[in-house]
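Residues per chain are reported as follows:
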Amino acid sequence: MEQTHGGCVTRRKMLQAGIAAAAVGAIGCKRQGAPPGVRGKAPVAILRAASYQEDLLDRLRRGAEACGLDARGKRVLLKPNLVECERGGVIHTQAEVLAAAVALFERLGAAEVRVGEGPGHRRDAWFLAEEAGYRTAIPGFDARFTDLNRDDVERVGPFAGEREIYLARTALAADLVVSVARMKTHHWAGVTLSMKNLFGVVPGALYGWPKNYLHQVGIARSAAGLYRLFPRSFAIVDGIVGMEGNGPVQGRPRGCGVVVMGPDLAAVDATACRVMGINPDKIEYLQLAGVGERQIEQRGETIASVRTPFALTPQFQHVRLA
Amino acid sequence: MSTCVPSRLARIEAAQNADGGWGYFPGKESWLEPTVYALLALREEARAAFEKGWRLVGSWEAGAGGWRACGRVAEPHWATSLVVTLYGAMGIHDAALERGTRWLLASRGAETRAVARLAQWLSPRTVEFDATLSGWPWQTGTSSWVEPTAHALMALGRVKGCVGTVGIEERIGMGKRMLLDRRCHDGGWNYGNRRVLGADLPSQPETTALALMALDGDASIRWGEALDHVERLGRESASPLARAWLGACLLQYRGVRPAWGTAEPPDRGDILVDAVESISWNRLMAAA
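Residues numbered from 1 in each chain as written. Chains lettered and ligands numbered in written order. Predicted model: local features only at pLDDT ≥ 70, side-chain atom pairs only at ≥ 80, totals over all residues.

1. A look at the overall build of chain A
For step 1, the next point in the chain: Helix and strand counts for chain A stand at 13 helices and eleven strands.
For step 2, the next point in the chain: A total of 322 residues make up chain A; the buried ones form 57% of that total.
For step 3, the next point in the chain: Nonlocal contacts in chain A, meaning residues at least 24 apart in sequence, comprise 76% of its contacts between residues at least 6 apart. (Helix = DSSP H or I, 4+ residues; strand = E, 2+ residues; numbered from the N terminus. Buried ≥ 20, exposed ≤ 12 C-beta atoms within 10 Å, placed from the backbone. Contact = placed C-beta atoms within 7 Å.)

Right under this line is the structure:
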């Protein structure tokens, strides 16, 4: 009996290894490179912020300056992570960070600053925004917010090797899409940062709750595909308190005390990975985005000075930085 | 303060688009899902609005059977289930219903494919479920989830006696077993699974209500406990949409919508909330 069981496990392991090898081969073949909007060195700023009570607008302003962000006259869409929400928890982008981002882009002279999200699991985006404290923290929130799951849609493409995908019109109409994500580990993708956060512009009304289509296409391919569809974007990753372990929903809080920001989402995510003690070259969606070939110009704090290793699930131990 | 049904119906009628359909929110383009919910709510109240919306739904029939998500999307959509339910409620039997029902019966989750079953055999604790039981996906080619499965079961249960398609009872039986297999440890339903990577998932209000509505009469459910769980979720959740579905579930089984006893959240003009709160689910489901 034991031998049979043992043999079964061995076959499983062999097949798992074969599938993993095939997956690695596929990654090598399908690297997609940076989106058309990204040229030359990608600036990424790391700012310290020990808590959400600090002057976050000042931190974001310094980060924007360091990255040369110009938002004058632009219609800006801020896209937080509201995949789910637990009051006082760390699943979603913290309200204080989103509020500071709204204030930042208004000060930078944006023509319009909207907030939009299409949550991945729960249908009632307005309720999640309320639970997350966005209505209280952000002036005029009701007039700014769009439920991207139930927005009008437009067809765009190609997408991740597929002919097309439908996306929320509000996101496509923005001059600048700002992914305001929380720094989290992810039990299928390794990490979820600014690129994976773009899943929220895919309309649930068409693709469902969750957007299983993106998993069928492949999480990594989908994240890289969306990255290419939004060349006019900017990333703000809230790592003041992140999530480690079994993220993106059931992990534990992990204080990291930083905000990472920049105009190239892949470069920002790669930097955030290094802060988390994770090798970005081993994160499939970053490989597909060609991050290994990107020159990143680090500004603000050094990675070494803020590095905070995040706990990983057993499946992702191999992505830890040596 | 709860909004009364006549006010909700008036609001739905006022939000009808020029093409006869409804968007998810006033001013948005028409989609099949809010349009059918609006029609289910208005069918006995506003004939002119209903006829206009019904014509739009008819124009959205997809070539292969089923109905499209909206005017911009050509492929049939999971909300075909809602159209079949609407047909059943209206007592109309025509060729479009037969085609739509056949499309629905042919639709199944990708998790029962050989490759997916192999992956599950290789790593059974990754997502714990019975891969022989297929429900319904949100979109063709993807996996089964609780909400589209619940809607498909309600739709097929509504029309099983009057369409000439074979295999309905067997498909309903499998879909119900799939839902029971996905039931969470706490007695409700998450949006898809009960246990992932060794961790129990919590039930969610909307999916718990819908799964129980679809499992109507199932002998394996302890209904008293299940409905108490529904009431508890309603007291704990301030989501108008969650409360609308939880109320619909309690209306179906207990004949009354509960007063939740806590403040209503701000009104967003969500057509689904107004419609689900206005539909007489006890009459609709009892007539199946």
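2. Quick look at the pairing of strand 2 (residues 75–80) of chain A
All names here are of chain A.
For step 1, the next point in the chain: Within strand 2, five of the six residues are buried, which leaves it mostly tucked inside the rest of the structure.
For step 2, the next point in the chain: Pairing geometry for strand 2 and strand 3 (residues 112–117), over four bridges, is parallel. For valine 76, the partnering residue across the bridge sits in strand 3 and is valine 113.
For step 3, the next point in the chain: Taking the sense of rotation as the criterion, the β-α-β connection linking strand 2, helix 3 (residues 95–107) and strand 3 turns out right-handed.
For step 4, the next point in the chain: When strand 2 meets strand 7 (residues 176–186), the two strands line up parallel, connected through five bridges. (Pairing = 2+ DSSP bridges. Right-handed = clockwise from strand over helix to strand, strands pointing away.)

3. So, the interface of chain B and chain A
For step 1, the next point in the chain: Contact with chain B, which involves 31 residues of that partner, is made by 28 residues of chain A.
For step 2, the next point in the chain: Partitioning the side of chain B that touches chain A into residue classes produces 17 nonpolar, seven polar and seven charged. (Nonpolar A, V, L, I, M, F, W, Y, C, P; charged D, E, K, R; others polar.)

4. Considerations on the packing of helix 9 (residues 205–214) of chain B against helix 10 (residues 223–236) of chain B
All names here are of chain B.
For step 1, the next point in the chain: Packing of helix 9 against helix 10 brings their axes to within 10 Å, and their N-to-C directions diverge by 150°. For the element pair helix 9 / helix 10, the angle class is roughly antiparallel. The handedness of the crossing between helix 9 and helix 10 comes out as left-handed. In this structure, helix 9 contributes Pro205, Thr208, Ala209 and Leu212 to the contact, and helix 10 contributes Ala226, His229, Val230 and Leu233.
For step 2, the next point in the chain: Looking at the contact of helix 9 with helix 10 residue by residue, the classes come out as six nonpolar, two polar and no charged. (Axes fitted to C-alpha atoms, helices over the stretch in contact; angles between N-to-C directions. Parallel < 35°, antiparallel > 145°, perpendicular 65-115°, else oblique. Left-handed = near helix turned anticlockwise from the far one by under 90°.)

5. Thoughts on helix 11 (residues 240–254) of chain B
The periodicity of an α-helix, 3.6 residues per turn, causes residues three or four places apart in sequence to face the same way.
Residue and element names in this part refer to chain B.
For step 1, the next point in the chain: Relative to the 21 Å expected for 15 residues at 1.5 Å per residue, helix 11 spans 20 Å between its end C-alpha atoms, a close match to the ideal helical length.
For step 2, the next point in the chain: With 13 of 15 residues buried, helix 11 is to be regarded as a mostly interior element.
For step 3, the next point in the chain: Just beyond helix 11, the residue with positive phi is glycine 255, at close to 80°. (Expected span 1.5 Å × (residues − 1).)

6. A closer look at the nonpolar core
For step 1, the next point in the chain: Ranked by size, the top nonpolar core spans 183 residues in total, and within it Ala101(A) and Val237(A) carry the most contacts.
For step 2, the next point in the chain: Setting aside chain neighbours within four positions, we find Ala101(A) in contact with Leu60(A), Leu78(A), Val178(A), Val180(A) and Ile236(A). (Core = buried A, V, L, I, M, F, W, Y, C linked by C-beta atoms within 7 Å.)

7. Thoughts on helix 10 (residues 219–229) of chain A
Residue and element names in this part refer to chain A.
For step 1, the next point in the chain: Burial runs high along helix 10: nine of the eleven residues are buried.
For step 2, the next point in the chain: Every buried residue of helix 10 is accounted for by Ala220, Arg221, Ser222, Ala223, Ala224, Gly225, Leu226, Tyr227 and Leu229.
For step 3, the next point in the chain: On its buried face, helix 10 is in contact with strand 5 (153–156), helix 9 (212–217), helix 11 (265–275) and helix 12 (284–288).

8. Structural notes on the confidence of the model for chain B
For step 1, the next point in the chain: Of all residues in chain B, 98% have pLDDT values of 70 or greater, and the mean over the chain is 93.
For step 2, the next point in the chain: Predicted as a complex, the structure gets a pTM of 0.92 and an ipTM equal to 0.95. (pLDDT = per-residue confidence, 0-100.)

9. A look at unusual backbone geometry
For step 1, the next point in the chain: In this model, Gly157(A) is joined to Pro158(A) through a cis peptide bond whose omega is 0°.
For step 2, the next point in the chain: If you trace the backbone, Pro158(A) turns up in the loop between strand 5 and strand 6 (165–168).
For step 3, the next point in the chain: Cis geometry marks the peptide bond from Gly247(A) to Pro248(A), where omega comes out at 15°.
For step 4, the next point in the chain: Note on placement: Pro248(A) falls in the loop between strand 9 (233–244) and strand 10 (252–262).
For step 5, the next point in the chain: Despite not being glycine, Ala160(A) has its phi angle at roughly 50°, a positive value.
For step 6, the next point in the chain: Note that Ala160(A) resides in the loop between strand 5 and strand 6.
For step 7, the next point in the chain: For Leu197(B), which is not glycine, the phi torsion reads 50° and is therefore positive.
For step 8, the next point in the chain: By secondary structure assignment, the location of Leu197(B) is in the loop between strand 1 (195–196) and strand 2 (199–200).
For step 9, the next point in the chain: Using a count of 16 C-beta atoms within 10 Å as the deciding quantity, one classes Leu197(B) as partly exposed.

10. Concerning the environment of Leu40(B)
All names here are of chain B.
For step 1, the next point in the chain: Mapping leucine 40 onto the fold places it in helix 2 (residues 32–42).
For step 2, the next point in the chain: Taking the number of C-beta atoms within 10 Å as the measure of exposure, leucine 40 has 22 and is therefore buried.
For step 3, the next point in the chain: When the C-alpha positions of leucine 40 and valine 83 are compared, they lie 9.4 Å apart, and in sequence the two are 43 residues distant.
For step 4, the next point in the chain: For leucine 40, the contacting residues outside a window of four places in its chain are Leu86, Ala89, Ala275 and Ile279.

11. A look at the environment of Arg254(A)
For step 1, the next point in the chain: Relative to the elements of secondary structure, Arg254(A) occurs in strand 10.
For step 2, the next point in the chain: We classify Arg254(A) as buried; it has 21 C-beta atoms within 10 Å.

12. Looking at the confidence of the model for chain A
For step 1, the next point in the chain: Confidence along chain A averages 90 in pLDDT terms, with 88% of residues attaining 70 or more.
For step 2, the next point in the chain: Here residues 17–29 of chain A is a poorly scored stretch, pLDDT under 50, and it has three contacts once near neighbours within four places are set aside; other chains count.

13. Describing the packing of helix 5 (residues 95–106) of chain B against helix 7 (residues 146–159) of chain B
All names here are of chain B.
For step 1, the next point in the chain: Between helix 5 and helix 7, the least distance of the axes is 11 Å, while the angle of their chain directions is 135°. Our classification of the angle between helix 5 and helix 7 gives oblique. Crossing handedness for the pair helix 5 and helix 7: left-handed. For the pair helix 5 and helix 7, contact is made by Leu97, Thr101 and Leu104 and by Ala152, Ala155, Leu156 and Val159, respectively.

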